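# Per-entry structural report
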Amino acid sequence: MSIKKTIIGNALLNIPWEDKPAGCKDIIWRSAKNPIIRRDHIPSSNSIFNSAVVPFKGKFAGVFRCDDKTRRMIIHRGFSDDGVKWNIDHKPIEFKTDIDETGFGKKFVYGYDPRVVFIEDRYWVTWCNFFHGPTIGVAYTFDFEEFHQIENAYLPFNRNGVLFPRKINDKYVMLSRPSDNGHTPFGEIFISQSPDMVYWGEHRHVMAPLQSWEHLKIGAGPIPIETTEGWLLIYHGVLLSCNGYVYSMSAAILDIDEPWKVKYRCKSYLLNPRELYEMVGDVPNVTFPCASLQDAETGRITIYYGAADTVTCLAYTQVDELIDYIKNNSVVSK
Ligand code: BMA
């Protein structure tokens, strides 16, 4: 049987994987091992969630949001042989930077919801940093030993900065979600472009909340996946219920050359909080995807998501099944 190659990218034969359980009708299904990282995985941690991983030297490396017991939000690095059992450094990453004259422009103040992506010759890390309010911090590493922080990408307030895995039209491209200083009761996904990872402009609007499950705000999740149908974007959406925010995830497909154009967008959520570890924790009812791994040979996609702002979990999907579902259940605008 010849397998259709829908994902444009590398094979990743050691991708963490569990087949869809018999009888399961979901397009995205959970790991039976969830949560794969518990809240007390390292001695200092209050919670480890909303974290990101990449293939690294035939194995895996990652950047982990480890809020500590003072409730400071910081980022630790980690390594894994199989993408499931993680060795997370007990010490936070110390970002090297040449602080600017105000002492603030390139400073790591706090770090949450990191993403990581390999582009050209290095790994780029983005996260929510503080610069007179939340904005997107940017750093790079070649080896997960030294991390070099550069200029924050945007003016406050902004969150969920997610880079594309290659230049598009010769520019670096980043999705982000302008916000406020607090728990932001609004939010739409925008795109910005840069020749050098420092100066960001040519901003375009990508998408706004559309359906009830995401009516309050949306934000990009993992690094978009390049496919023959366009960029596959897994994202989170938030519903405001009488009992607070509910974070679910779904997916859309963006145009490959003009990624501010939405080609298809799944109208329903594809995974929402319903397991105990997603509904009970420091913030109940949160499933928050920040990374994926994908194998271009088999079309397998493994999603890393934070649950209840407390633990880290895995979910799986198959690219052709997911894309078919998005196309057959697509509503792009009102
Ligand atoms: C968002 C971010 C996420 C968090 C979510 C739910 O604003 O802070 O880190 O998972 O809220 O609390």
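Residues numbered from 1 in each chain as written. Predicted model: local features only at pLDDT ≥ 70, side-chain atom pairs only at ≥ 80, totals over all residues. Heavy atoms only, no water.

## Notes on the nonpolar core
With 37 residues, the main nonpolar core has Val-63, Phe-64, Trp-86, Ile-88, Val-116, Phe-144 and Tyr-304 as its most contacted residues. Elements that contribute at least two residues to this core include exactly β2 (45-56), β3 (59-68), β8 (122-130), β20 (287-295) and β22 (311-318). Ile-136, Ile-191, Met-207 and Ile-218 belong to the second-largest nonpolar core, a separate cluster that totals 33 residues. (Core = buried A, V, L, I, M, F, W, Y, C linked by side-chain atoms within 4.5 Å. Buried < 20%, exposed > 50% of the residue type's maximum accessible area, 1.4 Å probe, protein only. Helix = DSSP H or I, 4+ residues; strand = E, 2+ residues; numbered from the N terminus.)

## Description of the site of the ligand
As a matter of local geometry, the ligand sits amid Asn-50, Arg-65, Tyr-112, Asp-113, Tyr-247, Val-283, Val-286, Phe-288 and Asp-309. Contact between the ligand and Arg-65: an oxygen atom at 2.7 Å from a side-chain N or O atom of the residue. Tyr-247 is positioned with one of its side-chain polar atoms (N or O) 3.0 Å from an oxygen atom of the ligand. Summarising the interface, the protein chains cover 84% of the accessible area of the ligand, which totals 310 Å² for the free molecule. (Near = heavy atom within 4 Å. Polar contact = N/O pair within 3.5 Å; in protein donor to acceptor, adjacent residues only side chain to side chain. Areas by Shrake-Rupley, 256 points an atom, 1.4 Å probe, with all protein chains shown as cover.)

## Some details on the sheet that holds strand β1 (residues 29-30)
Pairing in this open sheet of four strands is antiparallel, and the strands run β1-β22-β21-β20 from one edge to the other. The two strands at the open ends of the sheet, each matched to only one other strand, are β1 and β20. Looking at chain direction, strand β21 (residues 300-307) and β22 are connected through eight bridges and run antiparallel. Counterpart to Arg-300 in the pairing with β22 is Gln-318. Relative to the sheet, helix α2 (residues 319-328) contacts β21 and β22, its axis offset from that of β22 by approximately 80°. (Pairing = 2+ DSSP bridges. Contact = heavy atoms within 4.5 Å. Axes fitted to C-alpha atoms, helices over the stretch in contact; angles between N-to-C directions.)

## Overview of a nonpolar patch on the surface
On the surface, a cluster of nonpolar side chains totalling about 290 Å² of accessible area is made up of Leu-276, Met-279 and Val-280. Here Val-280 is to be found in the loop between α1 (276-279) and β20. (Patch = residues over 30% accessible without salt bridge, like charges linked within 9 Å, V, L, I, M, F, W, Y side chains within 5 Å. Salt bridge = Lys/Arg side-chain N within 4 Å of Asp/Glu carboxyl O.)

## Some details on the environment of Glu-202
Residue position: Glu-202 is located in strand β14 (residues 201-207). Accessibility expressed as a relative area gives 39% for Glu-202, which makes it partly exposed. Residues Glu-202 and Lys-85 lie 117 residues apart in sequence; the distance between their C-alpha atoms is 41 Å.

## Describing the confidence of the model for the protein
Confidence in the prediction for the protein averages 96 pLDDT; 98% of positions are at 70 or higher. Taken element by element, the protein is modelled with least confidence in strand β6 (residues 95-96), mean pLDDT 93, and with most confidence in β21, mean pLDDT 99. (pLDDT = per-residue confidence, 0-100.)

## As for the environment of Trp-29
Inspection of the secondary structure puts Trp-29 in strand β1. Residue class for Trp-29 comes out buried when judged on its relative accessible area of 4%. Here the alpha-carbon distance between Trp-29 and Asn-285, two residues 256 residues apart in the chain, equals 17 Å. Within polar-contact distance, the side chain of Trp-29 engages the backbone oxygen of Glu-18 at 3.0 Å.

## As for α2
When we look at burial in α2, the residues that qualify are Val-319, Asp-320, Leu-322, Ile-323 and Ile-326. With its buried residues spanning 160° around the axis, α2 presents them on a single face. Structurally, α2 contributes buried residues whose contacts are with β16 (225-227), β17 (230-241), β18 (244-254), β19 (262-265), β21 and β22. Two to three positions downstream of the cap, the backbone nitrogen of Asp-320 sits 2.9 Å from a side-chain oxygen, assigning the N-cap of α2 to Gln-318. (Arc of directions from axis to C-beta.)

## So, the pattern of salt bridges
Following the criterion strictly, the structure yields 19 salt bridges and no others. We note a salt bridge from Asp-320 to Lys-4, for which the minimum N-O separation is 3.7 Å. Of this pair, Asp-320 sits in helix α2 while Lys-4 sits in the segment before β1, and the two are 316 residues apart along the sequence. On the accessibility criterion, Asp-320 (18% relative accessible area) is buried.

## Let's talk about the sheet that holds strand β7 (residues 112-119)
Spatially, the five strands line up as an open sheet ordered β6-β10-β9-β8-β7, and their pairing is mixed. Where the open sheet ends on each side, the last strands, each with one partner, are β6 and β7. Here β8 runs beside strand β9 (residues 134-141); their pairing, made up of eight bridges, is antiparallel. In the sheet register, Trp-127 faces β9, and the bridge partner there is Gly-137.

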